[in-house]
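Listed below, chain by chain, are the residues.
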Amino acid sequence: MNTKEINHHLTDALLMAYSAGTLPEAFNLVVASHLSMCDECRARAAEFDAVGGEVMEATGEAMLEADSFARTLSLIANDDWAVAPEPAPARERGDVFPSPLQAYVNGDLGAVKWRKIGGGVSQAVLHFDDEANVRLLKIPGGVAVPDHGHGGTELTLVLQGAFRDEHDRFGVGDVEVANEDMTHTPVAAEGEDCICLIATDAPLQFSGLLPRIAQKVIRI
Ligand code: ZN
Ligand code: ZN
């Protein structure tokens, strides 16, 4: 994996929440997986780790209050906090999953138990709780996922292949952050299956009636 090919990154708000340990397990897994693939975000996360303790000590406030968020960003902007990134954890040649995901599923792609959910698309739910869920989605090349809006935040990390939606193109290592304001129809690029790791903190809102019924059954 050449980290320079990654064009879509995590937001500062997500990195800061990850550093503060306030993200649900589902989001932690996607963030940790992207970090292990991306030098740029790993360096940024290390800055938040370094600054986070200082801010907590100085203010005694929760990290994500608007005030301390702005203060933390300004601390980082003055660059005394620049931290060299740790080297990326090694992956075996030919592995599809980054190491945090390998640890989570106890293996690579071969360890996943897929369930077909229609249209050639398969999924594997890895974890769900009251806060958020995380799953793998496998979309054959050229196939579209039904267009949908989001009741909350959706984080999509590409592990194999690529997809395109109305907004941009996403290849291996790229992460798309979608929220309430956004509706999209992701389409897998021609060629090999597109495999994504997706965390959502609310059920997706499909535009059509049928997917909404199916949603109850397949839990996406
Ligand atoms: Zn990144
Ligand atoms: Zn979406």
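Presented here is an overview of the structure given in this document. For clarity, every value in this text was computed on a predicted model and none was experimentally measured.

As a further point, take the coordination of the zinc ion (ligand 1). For the zinc ion (ligand 1), the full set of protein donor atoms is His9 (ND1), His34 (NE2), Cys38 (SG) and Cys41 (SG), and the range of their distances to it is 2.1 to 2.3 Å. On the basis of relative accessible area, Cys38 is assigned to the buried category, the value being 0%.

This paragraph deals with the sheet that holds strand E3 (residues 133–139). Across the sheet, which stays open at both edges, the 6 strands sit in the order E1-E2-E3-E10-E5-E8 with antiparallel pairing between neighbours. Across the chains shown, the open sheet's two edge strands, defined by having one partner strand only, are strand E1 (115–118) and strand E8 (175–178). For this sheet, the mean inter-axis angle between neighbouring strands, taken without regard to orientation, is 25 degrees. In the sheet, E3 pairs with strand E10 (residues 194–200) via 7 bridges, with the strands oriented antiparallel. Bridge pairing in E10 links Ile139 to Cys194. Against the sheet, helix H2 (residues 25–37) touches strand E2 (121–128), E3, strand E5 (154–160), E8 and E10, its axis set at about 45 degrees to E5.

The sheet built from 3 strands is open, its strands ordered E7-E6-E9 with antiparallel pairing. Whereas interior strands pair on both sides, the edge strands pair on one side only; in this sheet they are strand E7 (169–170) and strand E9 (187–188). In this sheet, E7 lies alongside strand E6 (residues 163–164) in antiparallel orientation, the contact comprising 2 bridges. The partner of Phe163 across the bridge, within E7, is Phe170.

Formed by 34 residues in total, the largest nonpolar core has its most connected members in Leu10, Phe97, Leu101, Leu136, Leu155, Leu159 and Leu197. By residue number, the principal contributor to this core is H2, which donates 7 residues. Apart from the residues within four sequence positions on either side, Leu136 is in contact with Phe97, Leu101, Val112, Trp114, Ser122, Gln123, Ala124, Leu126, Leu159, Ile195, Cys196 and Leu197. Val121, Val158, Cys196 and Ile198 belong to the second-largest nonpolar core, a separate cluster that totals 11 residues.

This part is about H2. Under the 1.5 Å per step criterion, the end-to-end length of H2 is 19 Å for 13 residues, consistent within 8% with the ideal 18 Å. Burial within H2 is extensive, with 11 of its 13 residues counted as buried. Buried residues of H2: Ala26, Phe27, Leu29, Val30, Val31, Ala32, Ser33, His34, Leu35, Ser36 and Met37, and no others.

Reading guide: rules and limits
- Residues numbered from 1 in each chain as written.
- Chains lettered and ligands numbered in written order.
- Predicted model: local features only at pLDDT ≥ 70, side-chain atom pairs only at ≥ 80, totals over all residues.
- Heavy atoms only, no water.
- Donors = N, O, S within 2.8 Å, 3.2 Å for Na, K, Ca; no water.
- Buried < 20%, exposed > 50% of the residue type's maximum accessible area, 1.4 Å probe, protein only.
- Pairing = 2+ DSSP bridges.
- Helix = DSSP H or I, 4+ residues; strand = E, 2+ residues; numbered from the N terminus.
- Axes fitted to C-alpha atoms, helices over the stretch in contact; angles between N-to-C directions.
- Contact = heavy atoms within 4.5 Å.
- Core = buried A, V, L, I, M, F, W, Y, C linked by side-chain atoms within 4.5 Å.
- Expected span 1.5 Å × (residues − 1).

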